[in-house]
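Close look at the chain arrangement
Each chain, written out:
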Amino acid sequence: MLSRVLGGIRAAERVVLVALMLAMSGLYGFNVAIRNLASHYAATFAWIDEATRFMMVWVVFLCLGLALERGRQIAMTTVFTRIRERSRIWLQRLINLAGFVFALWLARLGYHYTVFIADTGQTSPTLEVPIAMVYVVIPLGFGLLALRYLLDLFGITARFAAAARHEGHGA
Amino acid sequence: MITLLLGILAAFLLAFGFEMFLVLGIPSLIAKEIFFANLPDVVVVQKLVGGVNHTTLLAIPFFIFAAEIMARGSIARHLTDLVKAMIGHRLGGMGHTTVASCMAFGSISGSAPATVAALGRIVYPELGRLGYRDRFSLGLIVASAETALLIPPSITLIIYGWVTGTSIGALFAGGLAVGIVLGVTFMIYVHWISARSAIVRTPRPSWAERMAAFRAAGWALGLPVIILGGIYGGVVTATEAAAASVLYALLVECFVYREMGMRRLAAVAEESAITTGVVFILLAVGSLLSYLITLARVPDEILALLRSADVGPILFLLIVNVVFFVAGMFVDPNSQLLVLVPTLFPVAVALGIDPVHFGLIVCLNICIGMITPPFGLDLFVASSTLGKPILTVVAGVWPFVAINLAVLMLITYVPDISLVLPRLFMG
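Residues numbered from 1 in each chain as written. Chains lettered and ligands numbered in written order. Predicted model: local features only at pLDDT ≥ 70, side-chain atom pairs only at ≥ 80, totals over all residues. Heavy atoms only, no water.

Turning next to the overall build of chain B. Helix and strand counts for chain B come out as 21 helices and zero strands. Its C-alpha atoms give chain B a radius of gyration of 22 Å, within 12% of the compact-globule value 22 Å for 427 residues. Considered along the principal axes of its C-alpha atoms, chain B spans approximately 70 × 50 × 45 Å. Out of the 427 residues belonging to chain B, those deemed buried represent 61%. In chain B, the proportion of contacts linking residues at least 24 apart, taken out of those at least 6 apart, comes to 79%. Summed over its atoms, the accessible surface of chain B is roughly 15,500 Å², and 69% of this surface lies on carbon and sulfur atoms. Once the 22 positive and 21 negative side-chain charges of chain B are each reduced to a mean point, those two points are 13 Å apart. (Helix = DSSP H or I, 4+ residues; strand = E, 2+ residues; numbered from the N terminus. Rg over C-alpha atoms; globule rule 2.2 N^0.38 Å. Buried < 20%, exposed > 50% of the residue type's maximum accessible area, 1.4 Å probe, protein only. Contact = heavy atoms within 4.5 Å. Areas by Shrake-Rupley, 256 points an atom, 1.4 Å probe, with all protein chains shown as cover. Lys, Arg positive; Asp, Glu negative; His and termini not counted. Charge placed at Lys NZ, Arg CZ, Asp CG, Glu CD.)

In this section: the environment of Ala350(B). Residue and element names in this part refer to chain B. With respect to the element layout, Ala350 can be found in helix α17 (residues 333-350). Accessibility expressed as a relative area gives 37% for Ala350, which makes it partly exposed. With 75 residues separating them along the chain, Ala350 and Thr275 place their C-alpha atoms 35 Å apart. When residues no more than four places from it in sequence are discounted, the contact partners of Ala350 are Leu303 and Arg307.

In a regular helix each residue adds 1.5 Å, so 13 residues correspond to 18 Å; helix α4 (residues 59-71) of chain B covers 18 Å between its end C-alpha atoms and thus fits that length. The buried count for α4(B) comes to twelve of 13 residues, which makes it a mostly enclosed element. (Expected span 1.5 Å × (residues − 1).)

Moving on: the interface of chain A and chain B. Facing the 58 residues of chain A at the interface are 62 residues of chain B. When the buried area of chain A at its contact with chain B is split by residue, Met21(A), Met76(A) and Phe102(A) rank highest and sum to 13% of it. On inspection of chain A and its partner chain B, the count reaches five salt bridges. Glu271(B) is paired through a salt bridge with Arg72(A); the nearest N and O atoms lie 2.8 Å apart. Joining chain A to chain B, the criterion identifies twelve residue pairs in polar contact (both at pLDDT 80 or more). Residues that form the side of chain A that touches chain B fall into these classes: 39 nonpolar, ten polar and nine charged. (Buried area = accessible area lost by both parts, 1.4 Å probe. Salt bridge = Lys/Arg side-chain N within 4 Å of Asp/Glu carboxyl O. Polar contact = N/O pair within 3.5 Å; in protein donor to acceptor, adjacent residues only side chain to side chain. Nonpolar A, V, L, I, M, F, W, Y, C, P; charged D, E, K, R; others polar.)

Structure below.
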């Protein structure tokens, strides 16, 4: 049951990330073409700049958990990999616990701010969508990150092994 | 006292392998609670989002995406073949080919580790076959890949430009000049070593072979033309050039090489999103940290300290180089940028140092950090992709670190090297 739920979360994250990345590139590329080839229509598509920035914000925070699970978040692991295995297990638990508290803390701050901004009814300047739609990715992204730290803390995932396989990537 | 404790906490988190965003983020949150308790919590969220919500920064995911599309196929091989066809027959030809191929690959990809991984596998066996010593070959590959951080598009320079408000176009032009100076210096060293060793020289290729190599690599060379031509022709901004690069890369892969199906495109997009995410989360958390550094008036205090000690620009730049050299041994490039630049940049400007010149000094320092033991990232990438012990890589890299330091001194104290192309292109 748990693995099916996790599989569903991963699939959803991946689909949304791919869609956002393609949409960002496609829309902005289209905007560049319009500005250079048919500049009198440029004002019609002024919303694209804002939309692509919002998409980028979503990409950054939505991929937090997935990147952690795959061992892709940047960390200086040289000392970590050289200490005795028994001590290393305790250190892994400490990192996971600290990461969980940090992510949960920011998810909580993000949630309160999103509710606050939603209540004000503020909309974005050109796209005219509720600005809370941008900020909601903070509680969502850090919530998914907190979940990944928790899963690793209880040994359900093995992100440190994944990180060892990915040594040197992500910079 | 509390500041010192927070510094020790950050050093502990860094040394024991905590994720870099925790190293930057946990002390920031504690500092906010202790020193700036009156600061509303909303500022934390606003800084996190504000740290990545900017059009200039869109250039980074686009350049990463374009490089992922182009670099997955046979581009690295085609570029190396082209450079080899042009200069491979000369004395030290394969060594020069290594340097020039890294520079050419760097004009597509802004990542030094990606350059080590992509080109190392191609040139390393050939360097060995022609008689270059193992250590020298490894050092050369790792050092040459640094030029990818300097030659546009450079993610490091975009982040520096964003943090300091310096023109990305001017930084790219300066990076091109410094990248060429560094590459040429490596080539002089290659020539010197080759003249003193029993290196086998390869026959000069025919012009037909050269044209065939050019045709195979020609599409890859279109990308730097779009980027540099577009920006300096005044047609597009750096972000627009990046978006155009993605469209160009897609067109080439879909219609010329015909290697890009929907499944592969989705995989490349996913990989690009994750690569973007792991860099940008540092920008987001770093934005909070640099805000707190500014609130605490750290740059003002450093400036006052330097003024009271009568430190001028020359001594200040020497201090900057030492600070970055030490930091580069232990901390990843983006974290160095996000912690040190907001602290040192206002001081540099107050001392009359040109922002572009300072940016190139910072970027070259970051390059050196990538190849300096004990934690230089590129050393580990070379060790894992080429299957060589890390100590062999480290042994080979020292002469190149020395060359880098000499070039760094040159760049530091001859500002015109960094500024001649920005003046020429940007007016």
